[in-house]
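Overview (structure and organization)
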Amino acid sequence: MQQRETFYDVMRRHGITRRSFLKFCSLTAAGLGLGPEFAGKIAHALETKPRTPVIWLHGLECTCCTESFIRSGNPLAGDVVLSMISLDYDDTLMAAAGHQAEELLEQTIEKYDGQYILACEGNPPLNEDGMYCIQAGKPYVEKLRHMADHCKAIIAWGSCASWGCVQAARPNPTRATPIHKVILDKPIVKVPGCPPIAEVMTGVITYMIAFDRLPELDRQGRPKMFYSQRLHDKCYRRPHFDAGQFVEHFDDEGARKGYCLYKVGCKGPTTYNACSTLEWNDGLSWPVKSGHGCLGCAEDNFWDKGSFYSAVTNFGVMGGAEATADKVGGLLAGAAAVGVAAHAAVSAATHIARRRSEETQNG
Amino acid sequence: MATTAHDIERKTPKAVYVFEAPVRIWHWVHALSIVVLSVTGYLIANPLPSVGGEASQSFLMGNLRLVHFIAGYVFAIGLVVRIYWGFVGNRWSRELLYLPLWRGQWWRDLFEEIKYYLFLRREPTNHVAHNALAQAAMWFFNVVLGLFMIFTGFALYGEGLGLDSWADRLFGWVIPLLGGSQSVRMLHIVGMWLFIVFAIIHIYMALRADIMSKASSVSAIISGWRIYRD
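Reading the values: the criteria
- Residues numbered from 1 in each chain as written.
- Chains lettered and ligands numbered in written order.
- Predicted model: local features only at pLDDT ≥ 70, side-chain atom pairs only at ≥ 80, totals over all residues.
- Heavy atoms only, no water.
- Helix = DSSP H or I, 4+ residues; strand = E, 2+ residues; numbered from the N terminus.
- Contact = heavy atoms within 4.5 Å.
- Lys, Arg positive; Asp, Glu negative; His and termini not counted.
- Charge placed at Lys NZ, Arg CZ, Asp CG, Glu CD.
- Phe/Tyr/Trp six-rings, centres within 6.5 Å; stacked < 30°, edge-to-face > 60°.
- Buried < 20%, exposed > 50% of the residue type's maximum accessible area, 1.4 Å probe, protein only.
- Lys NZ or Arg CZ within 6 Å of the ring centre and 35° of its normal.
- Patch = residues over 30% accessible without salt bridge, like charges linked within 9 Å, V, L, I, M, F, W, Y side chains within 5 Å.
- Areas by Shrake-Rupley, 256 points an atom, 1.4 Å probe, with all protein chains shown as cover.
- Salt bridge = Lys/Arg side-chain N within 4 Å of Asp/Glu carboxyl O.
- Buried area = accessible area lost by both parts, 1.4 Å probe.
- Pairing = 2+ DSSP bridges.
- Core = buried A, V, L, I, M, F, W, Y, C linked by side-chain atoms within 4.5 Å.
- Polar contact = N/O pair within 3.5 Å; in protein donor to acceptor, adjacent residues only side chain to side chain.
- Axes fitted to C-alpha atoms, helices over the stretch in contact; angles between N-to-C directions.
- Parallel < 35°, antiparallel > 145°, perpendicular 65-115°, else oblique.
- Nonpolar A, V, L, I, M, F, W, Y, C, P; charged D, E, K, R; others polar.
- Left-handed = near helix turned anticlockwise from the far one by under 90°.
- Expected span 1.5 Å × (residues − 1).

**Regarding the overall build of chain A**
Along the backbone of chain A there are 14 helices and 7 strands. Seen through its principal axes, chain A has C-alpha atoms that stretch 115 × 50 × 35 Å. The contacts of chain A with a sequence gap of at least 6 include a subset with a gap of at least 24, amounting to 72%. Looking at chain A, you have 38 positive and 40 negative side-chain charges, and the mean spots of the two groups are 6 Å apart.

**Section: the packing of aromatic side chains**
Working definition: an aromatic ring pair is given by the centre-to-centre distance plus the angle between the planes. Applying the stated rule across the entire model yields 31 aromatic pairs over all chains. Aromatic pair Phe246(A) and Tyr262(A): ring centres 6.1 Å apart, planes at 45°, arrangement tilted. Of the two residues, Phe246(A) sits in the loop between α11 (238-243) and α12 (253-257) while Tyr262(A) sits in the loop between α12 and α13 (275-278), which places them 16 residues apart along the sequence. The class for Phe246(A) is buried, based on a relative accessible area of 1%. An aromatic cluster of at least three residues, connected via ring pairs, comprises Phe69(B), Tyr73(B), Phe151(B), Phe154(B), Tyr157(B), Trp166(B), Phe171(B) and Trp173(B). Above the ring of Phe38(A), the side-chain terminus of Lys41(A) is found at 4.6 Å from the ring centroid. In this structure, Lys14(B) is placed above the aromatic ring of Tyr228(B), and the distance from its NZ or CZ to the ring centre is 5.5 Å.

**Things to note about a nonpolar patch on the surface**
Residues and elements named next belong to chain B. Taken together, the side chains of Ile25, Val29, Leu66, Ile70 and Val74 present a nonpolar region at the surface, about 430 Å² in accessible area. Residue assignment for the nonpolar patch shows that the elements contributing at least two residues are α2 (21-45) and α3 (60-88). Top contributing element to the nonpolar patch by residue count: α3, with 3 residues. The class of leucine 66 is partly exposed, set by a relative accessible area of 47%.

**Section: the pairing of strand β3 (residues 117-121) of chain A**
Within β3(A), 5 of the 5 residues are buried, which leaves the element mostly enclosed by the surrounding structure. In β3(A), alternate side chains face the same way, and those of Ile117(A), Ala119(A) and Glu121(A) on one face and Leu118(A) and Cys120(A) on the other are all buried.

**Re the interface of chain B and chain A**
Chain B puts 53 residues into the contact, and the matching count from chain A is 50 residues. When chain B packs against chain A, close to 4,200 Å² is buried across both sides, 59% of that on carbon and sulfur atoms. The largest share of the area that chain B buries against chain A comes from Leu163(B), Gln182(B) and Tyr204(B), three residues that together contribute 14% of it. Between chain B and chain A we count 3 salt bridges in total. Between Lys224(A) and Asp164(B) there is a salt bridge, and its shortest N-O distance comes to 3.4 Å.

**So, the pairing of strand β7 (residues 188-191) of chain A**
Residue and element names in this part refer to chain A. Going residue by residue along β7, you find Ile188 and Lys190 tucked away on one face and Val189 and Val191 tucked away on the opposite face as well. In this sheet, β7 lies alongside strand β6 (residues 153-157) in parallel orientation, the contact comprising 4 bridges. Bridge pairing in β7 links alanine 156 to lysine 190.

**So, the nonpolar core**
By size, the foremost hydrophobic cluster in this structure holds 51 residues, and its most contacted members are Leu46(A), Ile155(A), Trp157(A), Val191(A), Val200(A) and Val204(A). Top element by residues in this core is helix α9 (residues 198-211) of chain A. It accounts for 9 residues. Not counting chain neighbours up to four residues away, the residues in contact with Val200(A) comprise Val191(A), Phe226(A), Tyr227(A), Ala274(A) and Leu278(A). Membership of the second largest hydrophobic core comes to 39 residues, among which are Phe75(B), Ala167(B), Met186(B) and Met192(B).

**Points about the side chain of Ser68(A)**
Residue and element names in this part refer to chain A. Take serine 68: it is sitting in helix α4 (residues 64-69). Looking at serine 68, its side chain comes within polar contact range of the main-chain nitrogen of alanine 198, at 3.4 Å. Those residues in contact with serine 68, other than ones at most four positions away along the chain, are Pro195, Pro196, Ile197, Ala198, Met201 and Trp280.

**Structural notes on the packing of helix α14 (residues 325-362) of chain A against helix α8 (residues 181-212) of chain B**
Where α14(A) contacts α8(B), the two axes come as close as 8 Å, and the packing angle between them is 10°. Put simply, α14(A) runs roughly parallel to α8(B). Here the contact of α14(A) with α8(B) is built from residues that sort into 19 nonpolar, 5 polar and 2 charged.

**Describing the packing of helix α5 (residues 132-161) of chain B against α8(B)**
Residue and element names in this part refer to chain B. It is the contact of α5 with α8, at a shortest axis distance of 10 Å, that shows an interaxial angle of 150°. By the angle between their directions, the pair α5 and α8 is classed as roughly antiparallel. Seen along the crossing, α5 lies across α8 with a hand that is left-handed. Contact residues: α5 offers Met138, Phe141, Asn142, Leu145, Gly146, Phe148, Met149, Thr152, Gly153, Leu156 and Glu159, while α8 offers Ser181, Val184, Arg185, Leu187, His188, Gly191, Met192, Leu194, Phe195, Phe198 and His202. Residue composition of the contact of α5 with α8, by class: 12 nonpolar, 8 polar and 2 charged.

**Digging into unusual backbone geometry**
Residue and element names in this part refer to chain A. Note the cis peptide between arginine 170 and proline 171, where omega equals 0°. Along the chain, proline 171 turns up in the loop between α8 (158-162) and β7. In this chain, cysteine 194 is followed by proline 195 through a cis amide linkage whose omega measures -5°. With respect to the helices and strands, the residue proline 195 is situated in the loop between β7 and α9. Of note, the phi angle at glutamate 128 is positive, near 50°, even though the residue is not glycine. Here glutamate 128 shows up in the loop between β3 and β4 (134-135).

**With respect to the sheet that holds strand β2 (residues 89-90) of chain A**
Residues and elements named next belong to chain A. The strand order β2-β1-β3-β6-β7 describes an open sheet built from 5 strands, whose pairing is parallel. Pairing within the sheet leaves two strands with one partner each, and these edge strands are β2 and β7. Across the sheet, α9 is in contact with β1 (54-58), β3, β6 and β7; its angle to β6 comes to roughly 175°.

**Describing the environment of Leu295(A)**
Mapping Leu295(A) onto the fold places it in the loop between α13 and α14. For the pair Leu295(A) and His343(A), spaced 48 residues apart in the sequence, the C-alpha separation amounts to 45 Å.

**Describing α14(A)**
Taking 1.5 Å of rise per residue, the 38 residues of α14(A) would be expected to cover 56 Å, and the 54 Å separating its terminal C-alpha atoms lies within 8% of that figure. Three or more residues of α14(A) are buried, namely Ala325(A), Asp326(A), Gly329(A), Ala333(A), Ala336(A), Val340(A), His343(A) and Ser347(A). Here the buried face of α14(A) lies against α2, α4 (104-117) and α8 of chain B.

Structure representation (structure tokens):
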């Protein structure tokens, strides 16, 4: 019986030295928040386990997930993971094209039925039988369903695949639909963000192929290791929030002093992601560090919740309502006050009128 | 017109012990917690102008949040105790907990009471504790809205305590259900405004009843005795 090749075999074949390989293992263990002993475990798993193929599909999307992924802050991680997955199918990254590329999908199903990981970037539009996204002459949703039927697990890359993102924003003309509402019978790991952080992506994919299981997920299907806290919880400007020191305008003294961006609409307090710890581009910066509030891009339906520059926004759950929570509430309270005042006036008038008529009757 | 027994009864000054001590204490503690929660909650959503100086010298938002959380506990525990009292207290203490929708008389009372407040009926309906309209309002604002604020409030509180904290385990499911953290926050704010609407109408109705009806209203929630005057 022919031995299936391991990840290590593949990496060596691609010219990656053992030294680089071990570095990658320890960096990945650190990135996943695992203890030092896990570096050895990752190395051992990658050396001995048969390689899990990864198929990377692209639906309705802007490819920013791939752009983020190939700019992984640690070039080593990027290269290694890239060489592991570009072998199989990723229409943006692979050398093959056209019929040759599409054949690879069928070959993977034949050889690795029920064993490969399906990484989905973007989502399928369901309106008009899926005609808004055509690949190789067929609606993308058909390709997604076909590949999902034979896969072991799915990674939903980015906010498109996880929640729907901009193409699913109201009124969602193409009925763009997140993966978990189309594929119901496979385990799905959501890695939201627009795009997700590169190290989060390489970390999740390495965990899945090295340990052969899904990372621990939260209630909404996101890996706990990266999505268990809000940006606000680990934000370096948090002391200014607690002190009550805020940027009121982007050109004021508070902005120069690096105060909290909550009052200019930072969504850090409501956004679950690892930006404030991992940061972006090899730890170079992240939105709050550059002086702009978080938009909340890793959150469900963040496009439809009103202004990016206001702390009190729409609900994002009430169809066409564009008023903020404070406007709606203030209007209700105002209406109540006016109603009460009017009612009191009429009550007083009738009360007095009644007294007078009683008095005249009695008198 | 001959004087009936009914008229004599109504003309005789009479008092009923309606609001037992736990109900009265709860009423005022709950009212105070709602005031504190609304003021601090509003300032958490719309912070005051920035404080100067070093961040280490001030803890304004931190303290506002702390007071909000403490008042939230008082509100929640108070409502739980009040619901418990509905089971062991006198018969009027149960009126807050449920609406007797199956009773035809209740619906007739509701209709008559609405007519009264629209000035289509001269005399109010006569009830020891709450008329049908008041009972419906008490039930909606205290039980329904109160529980909504407790569920959304502790869900948001659980976000700060962290994943797998007790608040997250018990109430964390509310957040995805209502469309995410930001949506829950905004609905929680609308809940506050509804409490303000309730407070405006509640205080007006109580004062109005005190002045215009024959039953005491404001003093009743202080002493517990509903006094009927001629």
